[in-house]
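Chain and residue survey
Chain by chain, the residues:
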Amino acid sequence: MPPLLVEIKHLVKSYTRGDQKVPVLHDISLEINRGDFIALMGPSGSGKSTLLNLIAGIDKPDGGILTVDGEDITQLSEGELADWRASNIGFIFQFYNLMPVLTAFENVELPLQLTNLSRAERRQRVEMTLSLVGLADRMEHYPNELSGGQQQRVAIARAIVTDPTILVCDEPTGDLDKQSASDVLGMLKRLNEEMGKTIIMVTHDAHAAEAARRIVHLEKGELINDAATA
Amino acid sequence: MRRLPDVYYLKLIFKNVFRAKLRSSLTIIGLIIAIVAFGLLQTVVDAWFAGSNAASASRLVTRNAISLVFPMPIYYRERMRTVNGVKSVTLLNWFGGVYKEPKNFFPQFAVDHENFFDLYPEFVMPADQLIAFKRDRQGAAVGRKLANEFGWKIGDTIPIRGTIFSGTWTFTLRAIFDAKDDTTITRQMYFHWDYVNEWLKQKYPRRMEQIGTFVIEVDDPSRTADIAKAIDAEFRNSLAETLTETEKSFQLGFISQMEQIILTIRIVSFVVIFIIMAVVANTMAMTARERSTEYATLKALGFGPGFVAALIFGEALMLSLIGGVLGILLTFPLAKGVGIIAAAVFAVFNVSQSTVLMQLACALVVGVVAALVPGWRSARVKIVDGLRHVG
Ligand SMILES: Nc1ncnc2c1ncn2[C@@H]1O[C@H](COP(=O)(O)OP(=O)(O)OP(=O)(O)O)[C@@H](O)[C@H]1O
Ligand SMILES: [Mg+2]
């Protein structure tokens, strides 16, 4: 397997607000290796989420090259892209985005509904994954019966249960207290180090960024430097 | 290859329906009311037509061509009998009397006691009672429903205050008839026309030997139109020209303004459905807007726009089916209640199978239409736009 996983070259993205074109990303070039853990930092509005969304295949660039694991995802149709996301991307959001009417177990099971796994196989996987994030005893709880940190751990379980190539996290600790935040970061770090998951994490928090192997700064839609952390 | 949706999704939809409890409950109550109202109104329409369906196709009714209030000479009967296709002729005259109080209204008719019940086989009674009725000049025959209503028994005397035929009349109950089938009305009274005619002879000789309607039995029901024409031709240019029509069109025409009412009822019942459609559509629009982040998340996870639309359609359908089924179930006891209250008007007030199917269809259509716009919109919205609603 080649080490290069994500290749971004001269990526351009703008949004239209009303009839005005608002450029968000100018000429971004970035390479991410397999097994990397990248923190994307930068001021609010600098385009961090936009870049992350493009890599995750939930938005389309206006120009440039974006390949993931050798596949040019900008050329995929909506349907192909959805299938691609289902098998390659695990999402972790700032506000967890769990389904409130589903239990922790059912939330984690959700992405497995798109696979061919049998009921028993699904159950086994979900139980295993929830144990991995330390919530084996909370499987039948609904999101509103869990703390923020626990909810985010359920979300992590949902993100990894399909064994995706990349985890994309948009401010995963943004809504958490210090302790929960460090639990979540520790968990991401372990996923990266022990299970070799490639992680791209957007964060405001310098402390959170320390969990990453590499920090990338964005400012006004441009990458300004790229430093490996100690 | 993806697996087919399973109970997991049904559960998801079901739980979603009851997330906003107050809103769902109010919507369901609205649906129940609309479906019940629709069902009852349809049943009124059915009951009305059931009444006219009971009319025999092999009977013709002849009345004065000018108006029902003008009579015809009784001797017409002999000439009618000579018309080709006429099997027998009987007499029927509206009496319009009052039993004790006007609110006790029920129809009374003076008839030819000899053959009236031969022409009306839908009224069944014991042979001895029929004989007793024929023998007693002051005898009366009443329907079962009427007898039950006033607790009359064979042999009771029934005083009727005449309005058209003024004075107090006393009849002796000789026969109680039942309906052969449940579309036949048994809330009316028959007695001898001879008895009334005799009275006229004494009091108003100029009004005697006159009758309001002749009822004619034909030997071939497929020829009623021709026979009716032949009868009317018989009396053209005579003092009282006649108008002969089938019993059914006679009954429908008799209260033709009822048809306007029926039409109005029909329109109202569909307006009710239309209103509830708007209510459910509003509920679904609010619901879908609140859940835009969830739908965007589902799409990010790899679920297609069709799946999101299916969730919304499923939810709207489940909502409208819950309301619809509860409404249908509630229609039956309510129709029973209405049937008792309206017993004087309708012989039958039963919720028909087609009414239930229409109620079900209305519920389904309401669900589908209510989900159209929110389903389409939620399926189309871009993932990043949906996710930006967070917080
Ligand atoms: N869907 C959209 N439609 C229009 N404008 C958008 C859209 N998404 C982002 N933008 C704009 O693009 C710019 C970058 O947004 P983005 O969300 O990528 O910033 P960010 O770096 O993630 O900021 P934050 O730290 O506040 O989350 C902002 O000016 C934002 O208003
Ligand atoms: Mg952001």
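Residues numbered from 1 in each chain as written. Chains lettered and ligands numbered in written order. Predicted model: local features only at pLDDT ≥ 70, side-chain atom pairs only at ≥ 80, totals over all residues. Heavy atoms only, no water.

What chain A contains, in helices and strands, is 7 helices and 10 strands. The C-alpha atoms of chain A give a radius of gyration of 17 Å, which matches the 17 Å a tight globule of 230 residues would have. Dimensions of chain A, computed from C-alpha atoms along their principal axes, come out at roughly 45 × 40 × 40 Å. When each of the 230 residues of chain A is scored for burial, the buried share is 56%. Taking as baseline every contact in chain A between residues at least 6 positions apart, the subset at least 24 positions apart corresponds to 70%. As displayed, chain A has an accessible area near 10,100 Å², and 48% of this comes from carbon and sulfur atoms. Between the centroid of the 22 positive side chains of chain A and the centroid of its 33 negative side chains there is a distance of 1 Å. (Helix = DSSP H or I, 4+ residues; strand = E, 2+ residues; numbered from the N terminus. Rg over C-alpha atoms; globule rule 2.2 N^0.38 Å. Buried < 20%, exposed > 50% of the residue type's maximum accessible area, 1.4 Å probe, protein only. Contact = heavy atoms within 4.5 Å. Areas by Shrake-Rupley, 256 points an atom, 1.4 Å probe, with all protein chains shown as cover. Lys, Arg positive; Asp, Glu negative; His and termini not counted. Charge placed at Lys NZ, Arg CZ, Asp CG, Glu CD.)

Let's shift gears to the domain arrangement of chain B. Residues and elements named next belong to chain B. According to the domain assignment, chain B consists of domain 1 (7–50 + 258–388) and domain 2 (66–240). Computed from C-alpha coordinates alone, the two centres of domain 1 and domain 2 are separated by 50 Å. Across the domain 1/domain 2 interface, buried area totals approximately 500 Å², and carbon plus sulfur atoms make up 56% of it. On the surface where domain 1 and domain 2 come into contact, there are 0 residue pairs in polar contact (both at pLDDT 80 or more). Of the residues belonging to the side of domain 1 that touches domain 2, the class tally is 6 nonpolar, 1 polar and no charged. (Domains from an automatic or database assignment. Buried area = accessible area lost by both parts, 1.4 Å probe. Polar contact = N/O pair within 3.5 Å; in protein donor to acceptor, adjacent residues only side chain to side chain. Nonpolar A, V, L, I, M, F, W, Y, C, P; charged D, E, K, R; others polar.)

Attention now goes to a nonpolar patch on the surface. All names here are of chain B. A cluster of nonpolar side chains, namely Leu-321, Val-325, Leu-326, Leu-329, Leu-357, Leu-360 and Leu-364, defines an oily patch on the protein surface of about 550 Å² accessible area. Put simply, the parts of the chain that give the nonpolar patch at least two residues each are helix H12 (305–341) and helix H13 (353–380). By the secondary structure assignment, Leu-329 is in helix H12. (Patch = residues over 30% accessible without salt bridge, like charges linked within 9 Å, V, L, I, M, F, W, Y side chains within 5 Å. Salt bridge = Lys/Arg side-chain N within 4 Å of Asp/Glu carboxyl O.)

Tracing the chain through its elements places B:Ser269 in helix H10 (residues 256–290). Those residues in contact with B:Ser269 that lie beyond four places of it in its chain are B:Phe38, B:Leu41 and B:Gln42.

Residues and elements named next belong to chain A. Phi is positive for His-10, which is not a glycine, with a value near 50°. Here His-10 is to be found in strand E1 (residues 4–17). His-10 gets classed as partly exposed once you look at its relative accessible area, which sits at 49%. In this structure, Lys-220 is a non-glycine residue whose phi angle is positive, near 45°.

Around ligand 1, the surrounding shell holds 15 residues, and the nearest of these are A:Ser44, A:Lys48, A:Ser49, A:Thr50 and B:Arg388. Looking at what sits near ligand 1, you find residues from chains A and B. Side-chain polar atom of A:Lys48 to an oxygen atom of ligand 1: 2.7 Å apart, as the coordinates give it. At the level of secondary structure, the elements contributing two or more residues to the shell around ligand 1 comprise E1 and helix H1 (48–55) of chain A. In terms of residue count, H1(A) provides more of the shell around ligand 1 than any other element does, 3 residues in total. Its residues assigned to classes, the shell around ligand 1 comprises 3 nonpolar, 7 polar and 5 charged. (Near = heavy atom within 4 Å.)

Between side chains of opposite charge, pairing is possible as soon as their charged atoms come close. Applying the stated criterion to the full structure yields 24 salt bridges over all chains. For the salt bridge of A:Glu194 with A:Arg190, the shortest nitrogen-to-oxygen distance reads 3.7 Å. Of this pair, A:Glu194 and A:Arg190 both sit in helix H6 (residues 178–195), 4 residues apart, which is roughly one turn of that helix. When its relative accessible area of 38% is taken as the criterion, A:Arg190 is described as partly exposed. Residues B:Glu315 and B:Arg291 are paired through a salt bridge, measuring 2.7 Å at the closest nitrogen-oxygen approach. A residue pair is termed long-range when its members are at least 10 positions apart, and B:Glu315 in helix H12 and B:Arg291 in the loop between H10 and helix H11 (292–300) qualify at 24 residues.

Next up on the list: the pairing of strand E2 (residues 20–33) of chain A. Residues and elements named next belong to chain A. Relative to E2, E1 runs antiparallel, the two sharing 10 bridges. Bridge pairing in E2 links Val-6 to Ile-32. If you look at the hairpin formed by E1 and E2, you'll find 2 residues sitting between the two strands, and Gly-18 has a positive phi there, around 65°. (Pairing = 2+ DSSP bridges.)

Okay, the interface of chain B and chain A next. How large an interface is tends to be reported as the accessible area lost when its parts come together. In this complex, chain B contributes 26 residues to the contact, which on the side of chain A involves 29 residues. Note on chain B versus chain A: buried area summed over both sides is about 2,600 Å², and carbon and sulfur give 60% of it. There are 2 salt bridges connecting chain B and chain A. For B:Lys11, the salt bridge is made with A:Glu106, and the minimal N-O distance between the two is 2.3 Å. Linking chain B with chain A are 8 residue pairs in polar contact (both at pLDDT 80 or more), by the criterion used here. Broken down by element, the side of chain B that touches chain A gets its largest block of residues, 7 residues, from helix H1 (residues 7–17) of chain B. Considering only residue class, the side of chain B that touches chain A consists of 13 nonpolar, 5 polar and 8 charged.

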